[in-house]
Amino acid sequence: MKRMRATVWKWRRWIVAGVVVLALFFVFMGVFADRLVEPVLKQRLHALIIKGSDSLYTYTLGDLNTDVLGGHAEILDLDIKVDSTRFRQLKAANALPAVTVEVQMAKGHINGLGVLPLLFSKRLALHEFVSTDADVRFIRHIGQSSAPEDAPLWKSIRPALTRITVDHVNLNGIKLLYRYADTSQSMKIQFDTCYAYFKDIRVDSAAMADTNRIFLAKEATMRFRDLKYRSRDSVNKLKAEEVLYSSSRRLLEVKDFKIQPTRKDPEEFYAWIGRQKVMNTVEFDRAVLSGFRFDRFLHNETIQADSAHVEGVRSSLFLDKTKPLDLKSKIGQYPHQQLLRASSIVRLPRVVVRDAAIVYTERGEQTGEKGALGLRGISGVITNVTNDPALIRADNRLVANLKGQILGSSPIAVNLTLFLDSASGRFTAGGRVQHVSAPQLNGLAGSLAATRLQSFDMRQLDFSMSGDDFTARGAVRMKYSNLAVVLQKVDEETGKVEQKKFFTKLLNRFVLHNSNPGTNGVERTAEGVVYNRLTSQSFFGLIWKTIFKGMQDVMMKRDELKVVPQT
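Chains are numbered independently. Their residues run from 1 in the order of the written sequence. Local features are withheld for residues below a pLDDT of 70 in this predicted model, meaning they are given only at 70 or higher, and side-chain atom pairs are given and counted only at 80 or more; totals for whole chains, interfaces and linings count all residues. To obtain the side-chain values, all non-hydrogen atoms of the structure were included, while hydrogens and water were left out.

This part is about the overall build of the chain. Of the regular secondary structure elements, the chain holds twelve helices and 22 strands. Within the chain, the fraction of its 567 residues that count as buried is 44%. Contact definition: two residues touch when any of their heavy atoms are within 4.5 Å. Across the chain, every contact between residues at least 6 apart in sequence was considered, and the portion connecting residues at least 24 apart equals 65%. Note that accessible areas follow from Shrake-Rupley with a 1.4 Å probe, and for residues the cover is restricted to the protein chains shown. For the chain, the exposed surface amounts to about 30,900 Å²; the carbon and sulfur share of it is 55%. Labels follow the DSSP assignment, with helices taken as runs of H or I lasting at least four residues and strands as runs of E lasting at least two, numbered in each case from the N terminus. Burial status follows relative accessibility: with a 1.4 Å probe on protein chains alone, a residue under 20% of its type maximum counts as buried, one over 50% as exposed, and anything between as partly exposed.

Below is the structure:
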């Protein structure tokens, strides 16, 4: 019995001694290991920033505090900037990366720091990196190549580091700026708040070869809030409530987007511009790019996705024709011609538009009154939106098929084909408008053309045309009845609108057909309509003028015009 008690006491002494030794070991680790780990971690950080960038960056570090027992480290006041001397050298050699980054971070936290791999195998292994206080600036360099292929990041950091692994990176509420290095470029986008999560970051040969990784991460989710942008000439400003990107779903989503003139008041806008120029405000509720290739946008600013869906688009256009004419040529400014000149490569096989609305308002030159033309409920599909020469060689047509309502409730269907390989802006257009009455048109015609329709019932209008930079040729069919027009004039002294009774009678009796088909049952059509474009005329202005000329051919009594006095 006594021997058993002695044995128990003996084991107790060994256990107590072991606990004391273990405690002393942890005290040793707490006192000395931190002093050992901190300089090693600083060396690894130095190798990552300096060697990993081919000395492109320089940095300052306020402090680095480690807690080895807790596997924790705190980084304070880290400031990473581009070294100007090395920048000029790489630029001269055309060896700058497509995008450089500058970072100001007040505080960052490392959790789950792998001490043994750091000390003995030159591996930097982290479970998590977190920062809530950072300012990140991305600067794009036009015409520069990516980093040299013979010196990728995983080779550049050797022998100081053989591998870097980070399980999670959380960036919460940081500020983000994206701009061009060349200040003459207009692109400058700022996000007031950015939330980003990156999973499974690896810096090794296998990860560098994996094109599906974003910022070397297997999975990336980024949410940007309060986007702000102002054009270089300060004419327009842009904002968006939220931009979301998910690499796992390969999806880019933009919510509550709006681009508008910097001077929103028409009087201020035209006092500043001083000529006839369309004020254009565009906004949409939501746009989703599925299959979006973020890596290609990052490296060469290519906008590529499998498809795009845009919902709730609202475009408001206003033109004051009482202002001096803008005689600047618009030749070469068709939509597809501007797409071909875009600085970014665009590859969108399919764009789906839902519930769009376009309202064009014009202040008439003669009356000074406003008239509005509205298209609402527009939905449809646009295919082959691209300026990639290889894709254009395979299919040279951008096709848009859209349906909606015009002038309130009248159905309209339009199809456009834009030939992307045409140097002269070749296009074809066709469409149909149904069920339009006089009250619908008077809001537009009465204000803009000093003309009022007393009565008019259009059952259907069909049009087709082809055109280029200078001319449009087409055909128009229009079935209508009860056409009666009132000509008006503005009294220069009183400003009142008065009816031109004599010319109104002449116009309705001798110039215009009351209906089509006429009393003889024969339907008149306008074939071979030709309209020569004014150099200052827009693409859609040319289409409308060609249609209107065809409508005139259908409505007017050409033979009787020879004997009617000129007005």
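Two rings from Phe, Tyr or Trp (for Trp, the six-membered ring) form a pair when their centres sit within 6.5 Å of each other. Planes less than 30 degrees apart are called stacked, planes more than 60 degrees apart edge-to-face, and all others tilted. Inspection of every chain in the model, using the stated rule, returns twelve aromatic pairs. Ring centres 6.5 Å apart and planes at 45 degrees place the aromatic pair F292 and F297 in the tilted group. Look at F292 and you get buried, because its relative accessible area is 4%. Judged by its relative accessible area of 24%, F297 falls in the partly exposed class. Put simply, the rings of Y245, F292, F294 and F297 pair up and form one aromatic cluster. By definition, being over a ring means that NZ of Lys or CZ of Arg is both within 6 Å of the ring centre and within 35 degrees of the ring normal. Over the ring of W272 we find R263; its NZ or CZ atom is 3.7 Å from the centre of that ring. Here the guanidinium or amino end of R426 rests over the ring plane of F419, the centre of that ring lying 3.7 Å away.

In this section: helix α2 (residues 84-92). Listing the buried residues of α2 in full gives R86, F87 and L90. What you see down the axis of α2 is that its buried residues fit within an arc of 105 degrees, all on one side. What points out from α2, more than 90 degrees from its buried face, is the exposed set R88 and A92. Pairing of N or O atoms within 3.5 Å defines a polar contact, subject to two protein rules: one partner must be a possible hydrogen donor and the other a possible acceptor, and residues neighboring in sequence count only if both atoms are side-chain atoms. At the N-terminal end of α2, a side-chain oxygen is found 3.2 Å from the backbone nitrogen of T85, two or three residues along, and the residue is D83. Directions pointing from the helix axis toward each C-beta atom define the arc.

Among all positions of helix α6 (residues 266-273), only F269, Y270 and I273 are buried. Along the axis of α6, the buried residues cluster in a sector spanning 85 degrees; they form a single face. With respect to the buried face of α6, the exposed residues turned more than 90 degrees away are E267 and A271. Contact partners of the buried residues in α6: β9 (251-261), β10 (279-290) and β13 (314-320).

Take Q337: it is sitting in helix α8 (residues 335-340). The residues touching Q337, leaving out its near neighbours within four places in the chain, are G332, A423, S424, G425 and D469.

Below, the discussion takes up unusual backbone geometry. Cis rather than trans, the peptide bond between N516 and P517 has omega equal to 0 degrees. As for its placement among the helices and strands, P517 is situated in the loop between α11 (501-511) and β22 (525-532). The phi dihedral of D355 falls on the positive side, at around 55 degrees, and the residue is not glycine. Following the sequence through the fold, D355 ends up in strand β14 (residues 346-363). Residue classification places D355 among the exposed positions, given a relative accessible area of 52%. In the Ramachandran plot, N384 falls in the positive-phi region, its phi being about 60 degrees despite a non-glycine side chain. Using a relative accessible area of 13% as the deciding quantity, one classes N384 as buried.

The subject of this paragraph is the nonpolar core. We define a nonpolar core as any set of buried Ala, Val, Leu, Ile, Met, Phe, Trp, Tyr and Cys residues linked to one another through side-chain atoms lying within 4.5 Å. Membership of the largest hydrophobic core comes to 117 residues, with the highest contact counts inside it found for F198, F427 and M478. Once residues within four sequence positions are removed from consideration, F427 is found in contact with Y334, T417, L418, F419, M465, S466, G467, D468, F539, L542 and I543. Membership of the second largest hydrophobic core comes to six residues, among which are I273, M279, F318 and L319.

Tracing the backbone shows D295 in helix α7 (residues 294-300). Its relative accessible area of 13% is what places D295 among the buried residues. Excluding anything up to four places from it in sequence, D295 contacts T211 and I214.

With that settled, the discussion passes to the confidence of the model for the chain. Confidence of the predictor at the level of single residues is given by pLDDT, which spans 0 to 100. A residue-level look at the chain finds 82% of positions with pLDDT of 70 or above and a mean pLDDT of 82. This model gives residues 145-150 a pLDDT under 50, and the stretch forms twelve contacts once residues within four places in sequence are excluded. Scored below 50 in pLDDT, residues 560-567 makes seven contacts in the model with residues more than four places away or belonging to other chains.

What follows deals with the pairing of strand β3 (residues 99-111). Both strand β2 (residues 72-82) and β3 contribute to a ladder of eight bridges, which runs antiparallel. Bridged to I80 within β3 is V103. DSSP calls a pair of strands paired once it identifies at least 2 bridges connecting them.

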